[in-house]
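Structural description and commentary
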Amino acid sequence: MFAAERRQLILEMVRANGAVSLRELARVVQTSEVTVRRDVRALEAEGLLDRRHGGAVLPGGFTRESGFPQKSHLATAEKTAIADLAANLVEEGEAIVVGAGTTTQELARRLARVPGLTVVTNSLLVAQALAHANRVEVVMTGGTLRGSNYALVGSGAEQSLHGLRVSRAFLSGSGLTAERGLSTSNMLSASVDRALVQAAAEVVVLADHTKLGTDTMFQTVPTDLITRLVTDEPPAHDDRAATELQALADQGVQIAVAGGQGGSAGAAGPGGDSVPARQQRRDVPLPGPRRQVPGGGAQGGLRSAAMLGEQGGGAERARVADLRRR
């Protein structure tokens, strides 16, 4: 295939999907990733697409956000590996929140096997993945449906999270840098993600290597609030992604690399020392196993976050206030 034919095919794939990984482009045009990267640079110079770490996207800068169909075809193998590793962090009987995204959807599919789990989410896709898991209780926020990513957003979603407390939040986004943390291209999505973070004692970010070093318009989680990053092994040639991982580790973020040596081992810190587990910064301890809710059985089900807050909410708020006074 001549260079002009390759570049035309690459451009058609990006236009059809919104975002495509270099690995997938190389597979389709039947050439090496080095050659594809050179083609992508040439197309970017003509203003026909934008390069991202490990892939190419439609031009548009900070304000453009790909829809679910486009995102679902980007870095699929990496997202699967990340979800497998992240699922190991969840224990029986925990209460967690899971944000919207294609990677968190993959995580939800694996959480269906965790007994006694309570999952609070604003994502229809996450709820759908868990809808038939008899031992998992799914709590959905209120809000307005945002069709591009099948997520509930707006003041209704944010208000339903007030007074909620869980052990961990699992979030994804459009970009991740050591300087600004996790970010996304949509203001409404960013606002709900910030509310999810406020409800959790720990924040776990799920981001494949194509998002490392990418900065988008709205910050959702600053770096100092990220407890752990679960990502995949960056390609050997992707120096920027590796540099960003090291910068995140230097700021105290625990790094778990899917497919890397040791699987869930932390990234190295300055001088080659391993990065210690970050001390818990919040003054409220992690919740214990889920308590039985009066009127509810052992079976899972869909409930609203507002309902969860109403049942036992006063006692929980008193408990938290007492802990803070201590």
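So, on to the overall build of the chain. Within the chain one finds twelve helices and 16 strands. Burial statistics for the chain: of 326 residues in total, 51% are counted as buried. For the chain, the share of sequence-separated contacts (at least 6 apart) that also reach a separation of at least 24 residues comes to 67%. Looking at the chain as shown, the accessible area adds up to about 15,000 Å², and 51% of this sits on carbon and sulfur atoms.

Looking at chain direction, strand β10 (residues 175-177) and strand β11 (residues 181-184) are connected through three bridges and run antiparallel. By the bridge assignment for β11, Leu176 is matched with Leu182. Where β11 meets strand β13 (residues 218-221), three bridges bridge the pair, whose relative direction is antiparallel. The partner of Leu182 across the bridge, within β13, is Val221.

This part is about helix α9 (residues 187-198). With twelve residues, α9 should reach 16 Å at 1.5 Å per residue; the first-to-last C-alpha distance of 17 Å fits that figure. Taken together, the buried positions of α9 are occupied by Ser189, Ala190, Val192, Asp193, Ala195, Leu196 and Val197. By the N-cap criterion, in which a side-chain oxygen at the helix start approaches the backbone nitrogen of a residue two or three places on, α9 is capped by Asn186, the distance to Leu188 being 3.0 Å.

Before going further, it helps to spend a moment on the sheet that holds β13. In spatial order, the strands read β10-β11-β13; together these three strands make up an open sheet with antiparallel pairing. The strands lining the two open edges of the sheet, one partner per strand, are β10 and β13. Strand-to-strand twist of the sheet, defined as the mean angle between neighbouring strand axes without regard to direction, takes the value 35°.

Reading across the sheet, the three strands line up as β1-β3-β2 and stay open at both edges, with antiparallel pairing between neighbours. Every interior strand has two partners, whereas the edge strands, β1 (19-21) and β2 (50-52), have only one. Direction aside, the axes of adjacent strands within the sheet are offset by 25° on average. Where β1 meets strand β3 (residues 55-57), three bridges bridge the pair, whose relative direction is antiparallel. Each residue of the ladder has a partner; that of Val20, found in β3, is Ala56. Together, β1 and β3 form the strand contacts of helix α2 (residues 22-29), whose direction differs from that of β1 by roughly 80°.

In this model, the chain carries a mean pLDDT of 77, and residues with pLDDT of at least 70 account for 73%. When the criterion is pLDDT under 50, residues 68-73 qualifies, and its contacts beyond four places in sequence or with other chains add up to 16 contacts. Predicted confidence is poor over residues 261-301, with pLDDT under 50, and the contacts of this stretch with residues over four places away or in other chains come to 79 contacts.

Interhelical geometry of α2 versus helix α3 (residues 33-45) gives an angle of 105° and a closest axis separation of 9 Å. Judged on the interaxial angle alone, α3 and α2 are roughly perpendicular. When α2 is examined against α3, the residues Leu22, Arg23, Leu25, Ala26 and Val29 are found in contact with a partner set consisting of Glu33, Val36, Arg37 and Val40.

On the secondary structure map, Ala131 appears in the loop between α7 (124-130) and β6 (136-140). By relative accessible area, Ala131 is classed as partly exposed at 45%. Between the C-alpha atom of Ala131 and that of Arg109, which follows or precedes it by 22 residues, the distance is 10.0 Å.

A few words on the side chain of Asp193. Inspection of the secondary structure puts Asp193 in helix α9. Of the side chains bearing the opposite charge, Arg194 lies closest to the buried Asp193, which forms no salt bridge; the N-O distance is 8.3 Å.

Counting through the fold element by element, Thr220 comes out in strand β13. C-alpha of Thr220 to C-alpha of Met187: the two residues are 33 residues apart in sequence and 9.3 Å apart in space. Beyond its immediate chain neighbours, meaning those up to four positions away, Thr220 contacts Leu182, Ser183, Thr184, Ala190, Asp193 and Arg194.

If you check helix α10 (residues 239-250), its first and last C-alpha atoms are 16 Å apart, about what twelve residues at 1.5 Å a residue would give, namely 16 Å. What α10 keeps buried is the set Ala241, Glu244, Leu245, Leu248 and Ala249. Down the axis, α10 shows its buried residues gathered within 140° of arc, on one side only. Turned more than 90 degrees from where α10 packs its buried face, Asp239 and Thr243 sit exposed. A positive phi of about 100° marks Gly252, the residue just after α10.

Calculation rules
- Residues numbered from 1 in each chain as written.
- Predicted model: local features only at pLDDT ≥ 70, side-chain atom pairs only at ≥ 80, totals over all residues.
- Heavy atoms only, no water.
- Helix = DSSP H or I, 4+ residues; strand = E, 2+ residues; numbered from the N terminus.
- Buried < 20%, exposed > 50% of the residue type's maximum accessible area, 1.4 Å probe, protein only.
- Contact = heavy atoms within 4.5 Å.
- Areas by Shrake-Rupley, 256 points an atom, 1.4 Å probe, with all protein chains shown as cover.
- Pairing = 2+ DSSP bridges.
- Expected span 1.5 Å × (residues − 1).
- Polar contact = N/O pair within 3.5 Å; in protein donor to acceptor, adjacent residues only side chain to side chain.
- Axes fitted to C-alpha atoms, helices over the stretch in contact; angles between N-to-C directions.
- pLDDT = per-residue confidence, 0-100.
- Parallel < 35°, antiparallel > 145°, perpendicular 65-115°, else oblique.
- Lys, Arg positive; Asp, Glu negative; His and termini not counted.
- Salt bridge = Lys/Arg side-chain N within 4 Å of Asp/Glu carboxyl O.
- Arc of directions from axis to C-beta.

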